[in-house]
Amino acid sequence: MGVHFEDYDVAVIGAGHAGCEAAVAAARLGFKTVIFGVNIDSVANMACNPSIGGTAKGQLVREIDAMGGVMGKIADKTAIQTKLLNKAKGPAVYSPRAQIDRRRYQSEMKHLLELEKNIDLKQAEIVKIFTEMGENGIPKVTGVATHLGAEYGCKCVIACTGTYLKGKVIIGEYSYSSGPDGHFPANALSGCLADLGFSIIRLKTGTPPRVNRQSVDFSKTEPQHGDDLPFSFSFDEDAPQNEQLPCYLTHTNRRTHDIIKANLHRSPLYNGMIEGVGPRYCPSIEDKIMRFADKERHQLFIEPMGSDTEEMYVQGMSSSLPEDVQCDFIHSIEGLEKASIMRPAYAIEYDAIDARQLKLSLESRIVDGLFCAGQINGSSGYEEAAAQGLMAGINAGRKLQGKEPIVIDRSEGYIGVLIDDLVTRGTREPYRMMTSRAEYRLVLRQDNADSRLTPKGYEAGLITEERYNKFKTKMENIQKEIERLNNTFVSPGTKINELMARVDSTPLKGSCTLADLLRRPEISYDLICEYEAEQENSEKTELTFREAEQVEISVKYEGYIKRQEIQINQFRKLEKKRLPVPFDYSVVKNICLEAREKLTKIQPESMGQASRITGVSPADITALMIFFSAEGKTSEEEK
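It should be emphasised that the depicted structure is a prediction, and the values quoted were computed from it without experimental measurement.

Trainee: Would you mind going over the sheet that holds strand S9 (residues 139-146) in detail, with residue names and values included?
Mentor: Pairing is mixed in the open sheet, where 4 strands are placed in the order S1-S10-S9-S8. Strands with a single pairing partner mark the edges of an open sheet, and in this sheet they are strand S1 (3-7) and strand S8 (126-133). The sheet shows a mean angle of 30 degrees between the axes of neighbouring strands, direction not considered. When S9 meets strand S10 (residues 150-153), the two strands line up antiparallel, connected through 3 bridges. Within S10, the position partnered with Gly-143 by the bridge is Gly-153.

Trainee: Can you tell me about the side chain of Glu-383, naming the residues and giving the values?
Mentor: Topologically, Glu-383 is positioned in helix H10 (residues 382-401). Those residues in contact with Glu-383, other than ones at most four positions away along the chain, are Ser-51, Ile-52, Gly-53, Lys-57, Leu-60, Val-61, Ile-64 and Met-71.

Trainee: I'd love a proper account of the packing of helix H2 (residues 57-66) against helix H11 (residues 414-425), names of residues and values included.
Mentor: Relative orientation of the contacting elements H2 and H11 amounts to 110 degrees, with a least axis distance of 8 Å. Compared by their axis directions, H2 and H11 come out roughly perpendicular. Across from Gln-59, Leu-60, Glu-63 and Ile-64 in H2, the residues of H11 making contact are Tyr-414, Ile-415 and Leu-418. Here the residues of the contact of H2 with H11 sort into 5 nonpolar, 1 polar and 1 charged.

Trainee: I'd like a rundown of the packing of helix H6 (residues 254-262) against helix H9 (residues 323-330), residues and numbers included.
Mentor: Relative orientation of the contacting elements H6 and H9 amounts to 165 degrees, with a least axis distance of 9 Å. With respect to H9, the element H6 is oriented roughly antiparallel. The hand of the H6/H9 crossing is right-handed. The residues of H9 that touch H6, namely those facing Thr-256, Ile-259 and Ile-260, are Val-325, Asp-328 and Phe-329.

Trainee: So what about the nonpolar core? Which residues, and what values?
Mentor: By size, the foremost hydrophobic cluster in this structure holds 111 residues, and its most contacted members are Ile-52, Tyr-105 and Ile-129. The biggest single contributor to this core is H10, with 9 residues. If near-sequence neighbours (up to four positions away) are discounted, Ile-52 is found in contact with Met-46, Val-61, Met-71, Ala-75, Arg-97, Ala-98, Ile-100, Tyr-105, Phe-233, Tyr-382 and Glu-383.

Parameters at a glance
Residues numbered from 1 in each chain as written. Predicted model: local features only at pLDDT ≥ 70, side-chain atom pairs only at ≥ 80, totals over all residues. Heavy atoms only, no water. Pairing = 2+ DSSP bridges. Helix = DSSP H or I, 4+ residues; strand = E, 2+ residues; numbered from the N terminus. Axes fitted to C-alpha atoms, helices over the stretch in contact; angles between N-to-C directions. Contact = heavy atoms within 4.5 Å. Parallel < 35°, antiparallel > 145°, perpendicular 65-115°, else oblique. Nonpolar A, V, L, I, M, F, W, Y, C, P; charged D, E, K, R; others polar. Left-handed = near helix turned anticlockwise from the far one by under 90°. Core = buried A, V, L, I, M, F, W, Y, C linked by side-chain atoms within 4.5 Å. Buried < 20%, exposed > 50% of the residue type's maximum accessible area, 1.4 Å probe, protein only.

Here it is as structure tokens:
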């Protein structure tokens, strides 16, 4: 029999990136919140790699910030190298990435939780979620219990368990029960979730070796420096002036590959020791060498773990091979011949749930008041976890406020793509966000995340009045400048044609607007500003770097953006056709058996969501629309 300690509005299980965002969101909405970590020294731990952002992930971090989350602000404070990736590919896939001082990030996040007036941070393993039968016949959350017998009452639970659920670390022939980085696992909660009716799946991820900087010969590597451009994840802050530390590029070679191939029989991936499904898009080094046998070498980046540690991370060399084999293949690499391995690489298996048992709000359909976010839903990555945690925290708060949840759809943000993919389609492997998953990525850019989502963050209550007013001023400045460029004409002349010649652009032969000039691929907004600086009576106002960025992209890609907005309007027509939940689709006779089963299991909230369920065909959607139109059971939101 446990001992009752205290009652809360919201209990968050897990203090990783999902848990931190969830707790802060719920607390800032005014709800008394408790967050539990197996070890609170591991708050916001970066067990996999010391970076935030990257392709598609950087978009997620900027969206988190636009909604009022905290990951971007803390990443800005603790960044030790910053880059904008994919600059050669166009603005639809520009992706900010920052190398992070791992321990400083943890310290800053832990301190933020400690200072938040509505949050209690506690070290404990949660072993049970208490429920009672609700009036609607569905169990509802009433509290949680710790491994020490302490019981806490609550109205909502947000499970953000990361890789701790029945965590098992595997290195070669050796395996042991463990969470990431040697922390205790959470072995009891999986059984509780199964008892509540959740389908449990087994997944696997891993991490590379860490080496001592003093033992690396950097003369054999290529330094990789950060960008000089102003950089911040947060729309609410000036670009930080942190010291930029270099990373270093090296490569595997034939000898590396031969060592790994000769020891494949000792690899848990190939001898059957690993049961969990690993990430397709972040394979181990042994998997890469076998899957891409034609490649003579693979890139490796040696990255600093922080400014006050000699520990460095060998990105691209995730492995579960035995420690002696790891030593051999590390020492076969240029620059790492004498490297001292501080931590061996390892694989970790863990339990997750089938996220198709959740609503788009991330609340469970089988337990009222229980939300799930992060790797428990089958995702991988800090950014994916934080995005889900933020939305779960917001929607737990809105549930307690008696309000409808806030759901970001696929046309509004990468957050919407992420959650819709997990909840509608599910996953059998760790899910990673990529730009190719977003159908409308030209509209869902990193530079305009605030214009898309800050109004939603304001509606939720996480964006202050002061910040919202600054945002509105920024949007006005951008719109005024776009209108000015469209209405300001320039005539052929010596100065303008000298600038055109400088960038190999065709000289002007007749007058045109500044917007027409900017649409030329070789003409930048900075070049236009340079021209205008020498003109009398220019009505141009000075823009910030972020404002100028949005102006240039909006003008230069106007035609493509308008085309995508037409596609979005078509998409939203289906999204607005709401479906009854719950509903027994066995009564719909004109759809195939698989569609009936999948629809009944997933319970889509809209016709659009139904259309994205694997096994539901366009013909099934047509039949559904006819059925519900005849029955009068769809909500006509579009009216």
